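Inside the fold
If you want the building blocks of each chain, they are given just below.
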Amino acid sequence: VQLQASGGGLVQAGGSLRLSCAASGRTSGTYVMGWFRQAPGKEREFVAGISWSGAGTHYADSVKGRFTISRDNAKNTVYLQMNSLKAEDTGVYYCTTRLGGYSTWYAREYDYDYWGQGTLVTVSS
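None of these values were measured; they are calculated from a predicted model.

If you tally the helices and strands in the protein chain, you get zero helices and eleven strands. Listed N to C, the secondary structure of the protein chain is β-β-β-β-β-β-β-β-β-β-β in terms of helices and strands. The C-alpha atoms of the protein chain give a radius of gyration of 13 Å, which matches the 14 Å a tight globule of 125 residues would have. Within the protein chain, the fraction of its 125 residues that count as buried is 45%. Within the protein chain, contacts between residues at least 6 apart in sequence are counted, and of these 60% link residues at least 24 apart.

This part covers the nonpolar core. Formed by 33 residues in total, the largest nonpolar core has its most connected members in Trp 35, Val 47, Phe 67, Ile 69, Leu 80, Met 82 and Tyr 93. The set of elements that each furnish at least two residues to this core consists of strand S1 (2-6), strand S3 (17-24), strand S4 (31-38), strand S5 (45-50), strand S7 (67-72), strand S8 (77-82), strand S9 (91-99) and strand S11 (119-124). With five residues, S4 is the largest single contributor of residues to this core. With sequence-adjacent residues up to four places away left out, Phe 67 is seen in contact with Arg 37, Val 47, Tyr 59, Leu 80, Gln 81, Met 82, Asn 83, Leu 85, Asp 89 and Tyr 93.

Our next topic: unusual backbone geometry. With a phi close to 55°, Asn 76 is a non-glycine residue in the positive phi region. Following the sequence through the fold, Asn 76 ends up in the loop between S7 and S8. Of note, Ser 84 is a non-glycine position whose phi angle comes to about 50°, a positive value. Residue classification places Ser 84 among the partly exposed residues on the basis of a relative accessible area of 40%.

This brings us to the state of the cysteines. The final tally for this structure, using the stated rule, is one disulfide. What pairs with Cys 21 in a disulfide is Cys 95, and their sulfur atoms sit 1.9 Å apart. Here the disulfide of Cys 21 and Cys 95 is right-handed, its torsion about the S-S bond being about 50°. With Cys 21 in strand S3 and Cys 95 in strand S9, the pair connects residues that are 74 residues apart, well separated along the chain. Grouping residues by exposure puts Cys 21 and Cys 95 together as buried.

Tallying each qualifying case throughout the model produces six aromatic pairs. Here Phe 36 and Tyr 112 contribute two aromatic rings whose centre-to-centre distance is 5.7 Å and whose plane-to-plane angle is 85°, an arrangement assigned as edge-to-face. With Phe 36 in strand S4 and Tyr 112 in the loop between S9 and strand S10 (114-115), this pair connects stretches of sequence that are 76 residues apart. The interplanar angle of 65° and the centroid separation of 6.3 Å between the aromatic rings of Tyr 112 and Trp 115 together place this pair among those described as edge-to-face. Clustering of aromatic rings is evident, with ring pairs tying together Phe 36, Phe 46, Tyr 106, Tyr 112 and Trp 115.

Rules used throughout
- Residues numbered from 1 in each chain as written.
- Predicted model: local features only at pLDDT ≥ 70, side-chain atom pairs only at ≥ 80, totals over all residues.
- Heavy atoms only, no water.
- Helix = DSSP H or I, 4+ residues; strand = E, 2+ residues; numbered from the N terminus.
- Rg over C-alpha atoms; globule rule 2.2 N^0.38 Å.
- Buried < 20%, exposed > 50% of the residue type's maximum accessible area, 1.4 Å probe, protein only.
- Contact = heavy atoms within 4.5 Å.
- Core = buried A, V, L, I, M, F, W, Y, C linked by side-chain atoms within 4.5 Å.
- Disulfide = S-S within 2.5 Å.
- Phe/Tyr/Trp six-rings, centres within 6.5 Å; stacked < 30°, edge-to-face > 60°.

The analysis is restricted to geometry; functional conclusions fall outside its scope.
In structure tokens, the structure reads:
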């Protein structure tokens, strides 16, 4: 499975960005998707996860109420709508996937099998 993330950029604090991640390759079955991020000098951390059905979602406490994860299975694409951005949201955002599952989401790195190359989000204060 290949993952291509896009939509990152420079935005002022309080602004919004929408990240997209398109999956290709072995996408004929079900798969769980998620977003992680890595700030400069820090470890990669979980941001949001979504089940294949889209009914199950989970967010890190730091982004709850500001970020929304969604997916379009017909387009093999997952989205991350980021509102009310803060300087601490700055980092490289990675999309990831795990094959299989229907109503499950995951929040740990080792639960995922494939990773995209990342897209940089910079929030200026």
